[in-house]
Each structure stands twice: as structure tokens, then as C-alpha cells.
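# Observations on the three-dimensional arrangement
This is what each chain is made of:
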Amino acid sequence: MKRIIVFVIAALALCACGIYSFTGTSIQPDVKSISIEFFEYRAPRVNPTLSNDMTEQLKDKFRKLTKLEQVEEDGDLVISGAIVGYDVQASAVTADEVAAQNRLTVTVSVSFENRKYPEDNFENQNFSNYADYDSNLSLDAVESSLCADIIDKIIEDIFNATVAQW
């Protein structure tokens, strides 16, 4: 019983200090708001829904895992970016020199501004991830599920780089 009480007090103390949270964020207590700008699409190969999906899922991530108020502009934290790469390449080749698997790679360039703690800022940092699919399938057939997986991984990386500082 004594151990449980000590654990509860320690957990409350960690949360009360405002710097640590159980979601892995390290947001200073005086940082209250975030602005997430629409991610422009600048990749040569077109995916018409990727910009909106990326932007909305990033907003959802911050809404679910932080207490930051999302504002249209002038947030204490500002995230902006663009999708700069959307490429398909062969990732595995058979003995007959035919692609056995293809790889879809998405690259996003992100800038982060922390108006309260500018030492955390970064500009044009690239985040990239990929998913492989069987070359017997067309990209159109698997694109939405591949993009969903890739976006999840990239958003996790962006979240960690901005507020978890991993």
C-alpha cells in the first residue's frame, strides 16, 4: 500500500511540473497554443488528397496528445511544411531483372518555430518514409492504404521532433 501511495505522489508530481507528460511530450508550461499551417503539395507526381490528409492528421495528433490550443495563426508553436517528394521505385528485383516489389516514398519538408524557446526552432527539415507493395498490383489499387501508413509514420516523426524532442 505504501508503494502505491509513493507511486501516485510521484506521478502527480511529474505531471504537475508541466514539463513531462505520459504522452512523451516535453512542452514547457508557458507554451499554450499551436498553429499548424496547411502542408502544400510540391512533389512532381500528384496525389490530390495527400496535403489535406497530412495536415488534418497532424492536427489530430496534437489535439489528442497535447493540451495545446490550436489557433489559425500566431500560436506559441508554429508548424509549416510541404510535401516535396512522392516517388515510386523498384525495391526488389527478380533474377529475370523484373521488379518484384515497388516502394512508394513520401518526403515532407517541415519548419518548426517555437516563439517562446527559439533554440528549439528548425527549418526545412526533411521527414521521409516508405511502404513496399507487390509489383503485380497497381499503385492505384494500394495507394490509399500505403499513404495512410506512411503518413502515420511521418507524423509520429514530426511530433517527436517538435514537442517530444527525440
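A few words on helix α2 (residues 50-65). For α2, spanning 16 residues, the distance from its first C-alpha to its last is 22 Å, which sits close to the expected 22 Å at 1.5 Å a residue. Buried within α2 are the following residues: Leu 50, Ser 51, Met 54, Thr 55, Leu 58, Lys 59, Lys 61 and Phe 62. All buried residues of α2 lie within an arc of 165 degrees about the axis, which places them on one face of the element.

Moving on, we get to the pattern of salt bridges. With the rule as written, the count across this model stands at 6 salt bridges. Where Asp 60 meets Arg 63, a salt bridge forms, and the shortest distance between an N and an O atom there is 2.5 Å. You can see Asp 60 and its partner Arg 63 sitting in helix α2, 3 residues apart, about one turn around the helix. Owing to a relative accessible area of 30%, Asp 60 belongs among the partly exposed residues under this scheme. With a shortest N-O distance of 2.7 Å, Arg 103 and Asp 132 are connected by a salt bridge. You can see Arg 103 sitting in strand β5 (residues 99-114) and its partner Asp 132 sitting in strand β6 (residues 122-134), a full 29 residues away along the chain. For Asp 132, a relative accessible area of 30% corresponds to the partly exposed category. Each of Asp 74, Glu 113 and Arg 115 takes part in salt bridges that share partners, so that together they form one network.

Calculation rules
Residues numbered from 1 in each chain as written. Predicted model: local features only at pLDDT ≥ 70, side-chain atom pairs only at ≥ 80, totals over all residues. Heavy atoms only, no water. Helix = DSSP H or I, 4+ residues; strand = E, 2+ residues; numbered from the N terminus. Expected span 1.5 Å × (residues − 1). Buried < 20%, exposed > 50% of the residue type's maximum accessible area, 1.4 Å probe, protein only. Arc of directions from axis to C-beta. Salt bridge = Lys/Arg side-chain N within 4 Å of Asp/Glu carboxyl O.

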